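Observations on the three-dimensional arrangement
So you can see what is in the structure, the chains are spelled out below.
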Amino acid sequence: MFNTIRVLLITTLVSTIAFADVFMTELTDPQNSSDAGRYVELFNSGDSAVDLSAGWALQRWTNGNADPQSAVALTGEISPGGFYIVCNNADKFLTTYGMDCNQDIGTGGAADGNGDDQLALYNGEVLVDFYGQIGQDGSGQWHEFEDGRAERAADVATGCADTTGASCESGWVIDNDSGGGDGPVYAPEGFDPAAWIGAAASDDDVLGCMDDTACNYNAEATMNDGSCLYDDCLGECGGSAVVDECGVCNGGDSSCSAAVCVSVDMAIEGTVGEGGMKARISTVNGEYSPSDWIGMDQEGTVYSTCLPMIAGYTYGYNFNNSDGSGYESGSDLEDVCAGGNYGNDRTYTVAEDAAGTEILLDTVCWESCDACPAVVEGCTDDTAENYNSEATVDDGSCEYEQLEAAILFISEAAEGSSNNKYIEIYNASDETVDLSSYAYPTVGNAPTVPGEYEYWNTFADGAAVAAGDVYVVCHGSSDDFIAAECDETYTYLSNGDDGLCLVFGSEGNFQVLDCFGDWNGDPGSGWDVAGVSAATKDHTLVRKAIVVSGNAGEWVGSAGTNADDSEWVVLDQNDWTYLGSHPHEFASAVMGCMDENATNYNPDATEQDYNEFG
């Protein structure tokens, strides 16, 4: 037994040492990754070669997913003090860095992280190294390297297997487009595949560039120090000039491009944020390749700019009004004049013979494929007396017939278990009321604009409530007891924290008659009523008989602070005793002993006072 334990312990220690020899030293997502590709760099800090085909693998968790992609097996060997490069496109890697990657595993996998993913290095079933935090999207977190890279700190000598990231964070140096490190990084100049500052050199090593295709190749170098430079198309060693898409060195695509001038009319939308109107190229021949945003010139309500586009290519482009996300909705654009993931990449194909020309595209209306209709100011509410069907912009001139609302108010509301929810509306007038001119608009938790409804809910066609009767709106899956009294169903009744008001009029012009909760903000679990905390959740509330009209939106006074000053009686959850009629009298509590075994038992008592045994 002792020998078995000893062998197991020795095996474990040897395995642990062997596993620690290989770890990740660089994860990349260049700003120009669509051209340069991406790669993961491994380093062997040991003194012997490691056969990676013997069970070694990389595995990726995308974004905040708790479950990983399938692991990708590694196939080669990594020499002592050497590197192993896993890339997502061998051709792009060779073109960018002038060297071959060791293994191309294609796009969409472990070598294709876009800066907000998690990555693990395994030897068999053993986790050797880990980057990120499982279940957490890297965006805005310590491990985000979007449009940049994550490089291992120079003093790291082994992998870190903490999948929460807590003990691994200090072992990385991060560049990203969110302001981390050097910010966005372009390839090849910002990257050093097959080199790492932490790779220790012996006294006998000669540091230098070991790539014989480099213009500063050092034939005497025994360790690559990441200093390799290459001639650009102008013959300058380490220069930045490149052959453009037109085949011209350092030409910037100008010799085969057209200036495509786009313009958008904001006459109908009207909203432009502080950043102003701007445009950019989003896709080139269907591939996502965003350019920088370009400010647009304004003339009246029309904003214009020109975008450089190569003849014969198909481009997607966006407008942005700097308000919120700023992007147009693609709901009216997609498959008509736009495409892309969100349907708002407006598309244009440049003619083959258009190089050197200026092309003026027709002005379009914001979120439309067509020009804006002529601006006609007037009343746009079709319920108003002076509604103008030709008006495109509401000028606030709407006039409405002065109608008198009937005396309707919310007499009961329940937030029960499961879907046992309802509101009961009481007609306190002496005539039947047609509900077609009434509605019960709501908000969900905290409204987008405090004090304004989010959802306009009308009553069912033909709905009416007789004098002295009630009208019940319930959830469609309510208990049979509730369903028997229900007049119409509504799925999105409150969970206790969603305000609802009974109103009279139209969406553009209405009078608030009564409210249960309010439209001002999220109260938490629910609103306090009659001194009961969060009473609008997990309770039934019944209006007192002394209330003869709605609260006109004054919910705070209606809710009250105690049982005496509140307009409501708070009952236990799933108590539907009073559903289906109104009003009701609630007897005052009779204090006394309710224990039949006590000598002072009071059969009339409704609330326990004290016991006396004798």
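If you're wondering where the values come from, they're calculated on a predicted model, not measured in any experiment. Throughout this document, residue positions are counted from 1 along each chain, in the order its sequence is written. For this predicted model, a pLDDT threshold of at least 70 governs which residues receive local features, and a threshold of 80 or more governs which side-chain atom pairs are given and counted, while totals over whole chains, interfaces and linings are taken from all residues. The side-chain numbers reported here are obtained from all heavy atoms of the structure, hydrogens and water having been left aside.

Side note on the packing of aromatic side chains
We count it as follows: Only rings of Phe, Tyr and Trp enter the pairing, Trp through its six-membered ring, and a pair is recorded when the two centres are within 6.5 Å. The plane angle decides the type: under 30 degrees is stacked, over 60 is edge-to-face, the rest tilted. Only DSSP runs of H or I with at least four residues qualify as helices, and only runs of E with at least two residues qualify as strands; both kinds are numbered from the N terminus onward. Classification of residues uses two cut-offs on accessible area relative to the type maximum, computed with a 1.4 Å probe and protein chains only: under 20% is buried, over 50% is exposed, and between them is partly exposed.
Overall, the coordinates contain 31 aromatic pairs when judged by the stated rule. With 5.5 Å between their ring centres and 65° between their planes, Y131 and W142 make a pair best called edge-to-face. Of this pair, Y131 sits in strand β10 (residues 126-131) while W142 is found in the loop between β10 and β11 (149-152), placing the two residues 11 residues apart along the sequence. Take Y131: its relative accessible area is 0%, and that puts it in the buried class. Residues Y490 and Y492 carry aromatic rings whose centres are separated by 6.0 Å and whose planes lie at 75° to one another, so their mutual orientation is edge-to-face. For Y490, a relative accessible area of 12% gives the class buried.

A short note on the sheet that holds strand β7 (residues 83-87)
How we decide: A pair of strands counts as paired when DSSP detects no fewer than two bridges linking them. In what follows, residue pairs with any heavy atoms lying within 4.5 Å of each other are defined as contacts. In this analysis an axis means a line fitted to C-alpha atoms, helices contributing only their contacting stretch, and an angle means the value between N-to-C directions, from 0 to 180 degrees.
Taken in spatial order, the six strands line up as β8-β7-β2-β1-β11-β12 in an open sheet, and their pairing is mixed. This sheet does not close on itself; its edge strands, each paired only once, are β8 (103-104) and β12 (172-175). Taken together, the three bridges between strand β1 (residues 22-28) and β11 define a ladder with antiparallel strand orientation. Across the sheet, residue T28 finds its bridge partner in β11, namely R149. Packed onto the sheet, helix α3 (residues 90-97) meets β2 (39-44), β7 and β8 and runs at close to 120° relative to β7.

What to know about the environment of N285
As for its position among the elements, N285 is in the loop between β16 (278-284) and β17 (287-288). For the pair N285 and F516, spaced 231 residues apart in sequence, the C-alpha to C-alpha distance is 55 Å.

Thoughts on α3
Counted only if it meets this: Within this analysis, the arc is defined by the directions that extend from the helix axis to the C-beta atoms. What qualifies as a polar contact is a pair of N or O atoms within 3.5 Å, subject to a donor-acceptor requirement within protein and to the restriction that residues adjacent in sequence count only when both atoms come from side chains.
Here α3 has its buried residues at F93, T96 and Y97. Taken end-on, α3 shows its buried residues confined to a sector of 75°, consistent with a single buried face. Within α3, the exposed residues directed more than 90 degrees away from the buried face are D91 and T95. Buried positions along α3 lie against α2 (33-36), β2 and β7. Sitting at the head of α3, N89 places a side-chain oxygen 3.1 Å from the backbone nitrogen of D91. Within two residues after α3, G98 carries a phi angle of roughly 70°, on the positive side.

Some points on the side chain of S411
Tracing the backbone shows S411 in strand β28 (residues 408-415). S411 gets classed as buried once you look at its relative accessible area, which sits at 0%. Within the structure, S411 has its side chain in polar contact with the side chain of E424 (distance 2.6 Å). For S411, the contacting residues outside a window of four places in its chain are E424, I425, Y426, V470, L541, V542, R543, W568 and H582.

Digging into unusual backbone geometry
The amide bond that connects A187 to the next residue, P188, takes the cis arrangement and shows omega of 10°. Here P188 shows up in the loop between β12 and β13 (207-208). Of note, the bond from H582 into P583 is cis; its omega dihedral lies within 30 degrees of zero at 5°. Inspection of the secondary structure assignment puts P583 in the loop between β38 (568-572) and β39 (591-592).

Section: the pairing of β1
The buried fraction of β1 amounts to seven of the seven residues, a majority that puts the element mostly inside the structure. The sheet contact formed by β1 and β2 spans five bridges and is antiparallel. By the bridge assignment, L27 is partnered in β2 with V40.

Here we look at the pattern of salt bridges
The line we're drawing: Basic side-chain nitrogens of Lys or Arg form a salt bridge, by our definition, when they fall within 4 Å of a carboxyl oxygen of Asp or Glu.
Considering all chains together, one arrives at 12 salt bridges under this definition. The shortest N-O distance in the salt bridge between D112 and R38 comes to 2.7 Å. Remark: R38 occurs in the loop between α2 and β2 and D112 occurs in the loop between β8 and β9 (118-123); sequence separation between them is 74 residues. Using a relative accessible area of 15% as the deciding quantity, one classes R38 as buried.

Topic: the sheet that holds strand β33 (residues 470-474)
Read from one edge of the open sheet, six strands run β34-β33-β29-β28-β37-β38, paired in mixed fashion. Looking along the sheet, the strands with just one partner apiece sit at the ends: β34 (488-489) and β38. Judged from the three bridges that link them, β28 and strand β37 (residues 539-543) form a sheet pairing that is antiparallel. Following the sheet pairing, E412 is matched in β37 by V542.

Some points on the pairing of β11
Successive residues of a regular strand alternate their side chains across the two faces of the sheet. Here β11 shows a buried face lined by R149 and E151 and a second buried face lined by A150 and R152. Across four bridges, the pairing between β11 and β12 is antiparallel. Residue pairing for β12: E151 is matched across the bridge by V173.

Looking at the state of the cysteines
The condition that has to hold: By definition, disulfides here are pairs of cysteine sulfur atoms that lie within 2.5 Å.
In the structure shown here, the tally under the stated rule is 12 disulfides. The disulfide partner of C215 is C237, and the gap between their sulfur atoms is 1.9 Å. Disulfide C215-C237: torsion about the S-S bond near 80°, hence right-handed. Placement of C215 in the loop between β13 and β14 (223-224) and of C237 in the loop between β14 and β15 (257-265) is noted, with a sequence separation of 22 residues between them. Put simply, C246 and C256 are joined by a disulfide, and their sulfur atoms are 1.8 Å apart. Between C246 and C256, the disulfide has an S-S torsion of -75° and is therefore left-handed. With C246 in the loop between β14 and β15 and C256 in the loop between β14 and β15, this pair connects stretches of sequence that are 10 residues apart. Look at C256 and you get buried, because its relative accessible area is 16%.

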